[in-house]
Amino acid sequence: MKREANLCRKCPVCNGNACKGEIPGVGGIGQGISFINNVQAFKKIGLLIDVVNNIKDINPETKLFNKSISFPMMVAPIAGIKNNYGTDVTDYEYNSDLARACKDTDTVCFVGDGIDMENMFHLPARAIQEQGASGFVTIKPWIMDKVTERINLVNEFNVLGIAMDIDAAGLPLLRNSATPVENKDYHGLKKIKELCKDKPFVVKGIMTIEAAKIAVAAGADGIVISNHGGRVLDDCVGTMDVLEEIVEAIKGETTILIDGGFRTGTDIFKAIALGADGVLVGRPIALACATEGDEGAKKAINKLKSEFIHAMRMTGCATIKDINKSKIKKLTM
Ligand SMILES: Cc1cc2nc3c(=O)[nH]c(=O)nc-3n(C[C@H](O)[C@H](O)[C@H](O)COP(=O)(O)O)c2cc1C
């Protein structure tokens, strides 16, 4: 039976139009332009069919952070499920379902964070371990003693790594909270990397070459090119609009991930062709998981996977290594 999720409008294509400005809710901030631009950016790139080859078997697997995953897609952190989706599901229940779905589909989940440390951070992090899944915890850019408290807690857990959504420094609800968030510079990121000890540290919320270079210099094992799904600043460019220049600046120095507006397997293909190592998908999988539990999440993940494999087959790519810029064309709009 489907569970309610009244705050999401469940559009045929999740593109940020109907839910403009709906926070709480799942929309983009203000006029919703950043969310809309994320989705629009994919329209500026097309795939090139190439079936003049003898490819029979397609292998979409890849390895990220020493973990093999079934295709280059992981699930983005989404916190505050009750408040944002209008459902009875807690963050713990949601992340337990999600972790199970990711384990069953051989991929990785990211869990989020919020002011209520026990229910929005500790229990979701615990869900990864309880389900025997591979997952990242994503810590908000709190002031340093709060960051340290959370990292020390999860260092005891069996999680794949630790991420920080540095762009959450712009979330209005957190900016004015009793536990404030703050911007993180090179020294802050370096200190956080040290606290993570032997666990990979991923900096989520990079949109410029300069910020990417600083994250790399501070020791980040990965970055996520992200504008938080358009929820922290209105009028941003789409994440796919900056992917290529960031790849050119730092490729090979860290793992490059990207999120924002990925809705199909062909969207994922475009990012890999432009040099991303992997993609995070948020809202479509979150809605499926919130309303239909782990089975819903699995269905959404498997749909993306089969679309991605089809794109590989039709562009003449037998493995992930074969996906490159020669398989796509930028369109003049
Ligand atoms: C309701 C909601 C809650 C979110 N919570 C978090 C969070 O706790 N931590 C985080 O790093 N990102 C959070 N995000 C951002 C997502 O991880 C991701 O960057 C974004 O949603 C990706 O875009 P997509 O949803 O268009 O795929 C949230 C996004 C939404 C819509």
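Because the structure is a prediction, the values reported are computed rather than measured.

1. Considerations on the pairing of strand β7 (residues 161-165)
Now for step 1: Most of β7 is tucked away, with five of its five residues classed as buried.
Now for step 2: Where burial is concerned, the two faces of β7 agree: the one with Gly161, Ala163 and Asp165 and the one with Ile162 and Met164 are both buried.
Now for step 3: As judged from the four bridges shared by strand β6 (residues 135-139) and β7, these two strands associate in the parallel manner. Residue pairing across strands places isoleucine 139 opposite methionine 164, the latter belonging to β7.
Now for step 4: Taken together, β6, helix α5 (residues 144-154) and β7 constitute a β-α-β crossover, and its handedness is right-handed.

2. Concerning the pattern of salt bridges
Now for step 1: Throughout the structure, instances matching the rule amount to 20 salt bridges.
Now for step 2: Put simply, aspartate 113 and arginine 150 hold a salt bridge, and the shortest N to O gap is 3.1 Å. Separated by 37 residues along the polypeptide, aspartate 113 in the loop between β5 (109-111) and α4 (117-130) and arginine 150 in helix α5 bring together distant segments of the chain. The two residues aspartate 113 and arginine 150 agree in class, both being buried.

3. Here's the deal with the packing of α5 against helix α7 (residues 186-195)
Now for step 1: As a packed pair, α5 and α7 sit with axes 10 Å apart at the nearest point and diverge in direction by 20 degrees. As summarised for this structure, α5 and α7 are arranged roughly parallel, according to the angle between their axes. Crossing geometry of α5 relative to α7 is assigned as right-handed. Contact with α5, carried on its side by Met144, Val147, Thr148 and Ile151, involves Gly188, Lys191, Ile192 and Leu195 of α7 and no other residues of that element.

4. Examining the site of the ligand
Now for step 1: Neighbouring the ligand are 22 residues; Pro77, Asp259, Arg263, Gly282 and Arg283 lie closest to it.
Now for step 2: In the environment of the ligand, an oxygen atom lies 3.5 Å from a nitrogen or oxygen atom belonging to the side chain of serine 226.
Now for step 3: Between the ligand and the protein, one listed contact pairs an oxygen atom with a side-chain N or O atom of arginine 263 at 2.7 Å.
Now for step 4: A majority-of-atoms criterion places the ligand in the largest pocket.
Now for step 5: Here the shell around the ligand is composed, by residue class, of five nonpolar, nine polar and eight charged.

5. Let's talk about helix α3 (residues 91-104)
Now for step 1: Under the 1.5 Å per step criterion, the end-to-end length of α3 is 20 Å for 14 residues, consistent within 8% with the ideal 20 Å.
Now for step 2: Where α3 is concerned, the buried positions are Asp91, Tyr94, Asn95, Ser96, Asp97, Leu98, Ala99, Ala101 and Cys102.
Now for step 3: Where α3 is buried, its residues meet β4 (73-75), α2 (81-85), β5, α4 and α11 (283-315).
Now for step 4: Just beyond α3, the residue with positive phi is aspartate 106, at close to 60 degrees.

6. Quick look at the packing of aromatic side chains
Now for step 1: The final tally for this structure, using the stated rule, is five aromatic pairs.
Now for step 2: Ring geometry for phenylalanine 65 against phenylalanine 136: centres 5.0 Å apart, planes inclined by 65 degrees, an arrangement best described as edge-to-face. Linking phenylalanine 65 in the loop between β2 (62-64) and β3 (67-69) with phenylalanine 136 in strand β6, this pair joins segments that are 71 residues apart in sequence. You'll find phenylalanine 65 and phenylalanine 136 in the same group, each marked buried.
Now for step 3: Centroid distance phenylalanine 71 to phenylalanine 308: 6.1 Å. Interplanar angle 45 degrees. Geometry classified as tilted. Here phenylalanine 71, found in the loop between β3 and β4, pairs with phenylalanine 308, found in helix α11; they are 237 residues apart in sequence, far enough to count as distant. Each member of the pair, phenylalanine 71 as well as phenylalanine 308, is classed as buried.
Now for step 4: Of the aromatic side chains, those joined through ring pairs into one cluster are Phe65, Phe110 and Phe136.

7. A closer look at the nonpolar core
Now for step 1: Of all hydrophobic cores here, the largest spans 91 residues; its most connected members are Met240, Leu243 and Ile285.
Now for step 2: Broken down by element, the residue count for this core peaks at 13 residues, all from α11.
Now for step 3: Sequence-distant contacts of leucine 243, that is, excluding residues within four places in its chain, are made with Ile225, Ile256, Ile258, Ala271, Leu274 and Ala276.
Now for step 4: By size, the runner-up hydrophobic cluster in this structure holds 14 residues, among which are Ile69, Phe136, Leu160 and Ala163.

8. Comments concerning the pairing of strand β9 (residues 222-225)
Now for step 1: Taking every second residue as pointing to the same face, both faces of β9 are buried, with Gly222 and Val224 on one and Ile223 and Ile225 on the other.
Now for step 2: Bridging between strand β8 (residues 201-206) and β9 involves four bridges; their strand directions are parallel. Bridge assignment links isoleucine 206 to a residue of β9, and that residue is isoleucine 225.
Now for step 3: Taken together, β8, helix α8 (residues 209-217) and β9 constitute a β-α-β crossover, and its handedness is right-handed.
Now for step 4: Taken together, the four bridges between β9 and strand β10 (residues 255-259) define a ladder with parallel strand orientation. Paired with valine 224 across the strands is leucine 257, a residue of β10.

Calculation notes
- Residues numbered from 1 in each chain as written.
- Predicted model: local features only at pLDDT ≥ 70, side-chain atom pairs only at ≥ 80, totals over all residues.
- Heavy atoms only, no water.
- Buried < 20%, exposed > 50% of the residue type's maximum accessible area, 1.4 Å probe, protein only.
- Helix = DSSP H or I, 4+ residues; strand = E, 2+ residues; numbered from the N terminus.
- Pairing = 2+ DSSP bridges.
- Right-handed = clockwise from strand over helix to strand, strands pointing away.
- Salt bridge = Lys/Arg side-chain N within 4 Å of Asp/Glu carboxyl O.
- Axes fitted to C-alpha atoms, helices over the stretch in contact; angles between N-to-C directions.
- Parallel < 35°, antiparallel > 145°, perpendicular 65-115°, else oblique.
- Left-handed = near helix turned anticlockwise from the far one by under 90°.
- Contact = heavy atoms within 4.5 Å.
- Near = heavy atom within 4 Å.
- Polar contact = N/O pair within 3.5 Å; in protein donor to acceptor, adjacent residues only side chain to side chain.
- 1 Å grid on protein atoms, 1.4 Å probe; cavity = no way out; pocket = protein on both sides within 12 Å on 5 of 7 lines; lining within 4 Å.
- Sits in = over half its atoms within 2 Å of the grid points.
- Nonpolar A, V, L, I, M, F, W, Y, C, P; charged D, E, K, R; others polar.
- Expected span 1.5 Å × (residues − 1).
- Phe/Tyr/Trp six-rings, centres within 6.5 Å; stacked < 30°, edge-to-face > 60°.
- Core = buried A, V, L, I, M, F, W, Y, C linked by side-chain atoms within 4.5 Å.

Purely geometric stuff here, so don't read any function into it on its own.
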